[in-house]
Amino acid sequence: MGTRQQGGRAAPAGGPGLAAPLRDLPVESVRVALTGGDLTALAGHPHLASLDLNTTAPADLTPLRSAPNLHGLDLSGAETADLAVLADLANLRYLALGRQQWTTLLDHGKVPPAPAAVRLAGDDVTFDDALALASRVGLDTGDALRVAGSL
């Protein structure tokens, strides 16, 4: 069983999908691990701005089409039924996917219309890989910097 965070609190996942009362909560950022892929509780969610999703079964992303304020989406830890749905998310500005997910999405020409930032997730990703992806989705990589260090 996984956990999900709602407004900074963790709650047991409690089944294959999200609990229906989530739709009524004014949460803007949700990080969730599901044993299934049911996202219907997020359909039409008026406040949801960011979703970090991990699943063990393919998730149907269709309910996200009606989340009007969804700007950030991390599916790098999720199995997905149909990534083509992402092309319908006009307000999406940040998208994180794994290498195979990006390959599938790009090969089908279904990139969201206006990404401002993308992330290629994975342990073996190089700076050159990330630049190639950014360029392929239409982002300007001319002034890209690589910064490393610690605070």
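Values in this document were obtained by computation on a predicted structure and should not be read as measured data. (Residues numbered from 1 in each chain as written. Predicted model: local features only at pLDDT ≥ 70, side-chain atom pairs only at ≥ 80, totals over all residues. Heavy atoms only, no water.)

(A) Helix α1 (residues 99–107), seen in detail. Among the residues making up α1, those that are buried are Gln101, Trp102, Leu105 and Leu106. Seen along its axis, α1 keeps its buried residues to an arc of 120°; they face one direction. The exposed set on the far side of α1, more than 90 degrees from its buried face, consists of Gln100 and Asp107. (Buried < 20%, exposed > 50% of the residue type's maximum accessible area, 1.4 Å probe, protein only. Helix = DSSP H or I, 4+ residues; strand = E, 2+ residues; numbered from the N terminus. Arc of directions from axis to C-beta.)

(B) Up close: the environment of alanine 49. The topology assignment puts alanine 49 in the loop between β3 (29–34) and β4 (50–55). With relative accessibility at 22%, the residue alanine 49 sits in the partly exposed group. Counting along the chain gives 43 residues from alanine 49 to leucine 92, while the straight-line C-alpha distance between them is 9.0 Å. Contact partners of alanine 49, with chain neighbours within four places excluded, come to Glu28, Asn69, Leu70, His71 and Gly72. (Contact = heavy atoms within 4.5 Å.)

(C) Quick look at the side chain of glutamine 101. Tracing the sequence through the fold places glutamine 101 in helix α1. Polar contacts involving the side chain of glutamine 101 include one to the main-chain amide nitrogen of glycine 98, which spans 2.7 Å. If near-sequence neighbours (up to four positions away) are discounted, glutamine 101 is found in contact with Leu75, Ser76, Ala78, Thr80 and Leu83. (Polar contact = N/O pair within 3.5 Å; in protein donor to acceptor, adjacent residues only side chain to side chain.)

(D) Molecular detail of the confidence of the model for the protein chain. On average, the protein chain scores 84 in pLDDT, and the residues at 70 or more come to 86%. Considering only residues more than four positions removed or in separate chains, one finds that residues 1–16, a stretch of pLDDT under 50, has 39 contacts. (pLDDT = per-residue confidence, 0-100.)

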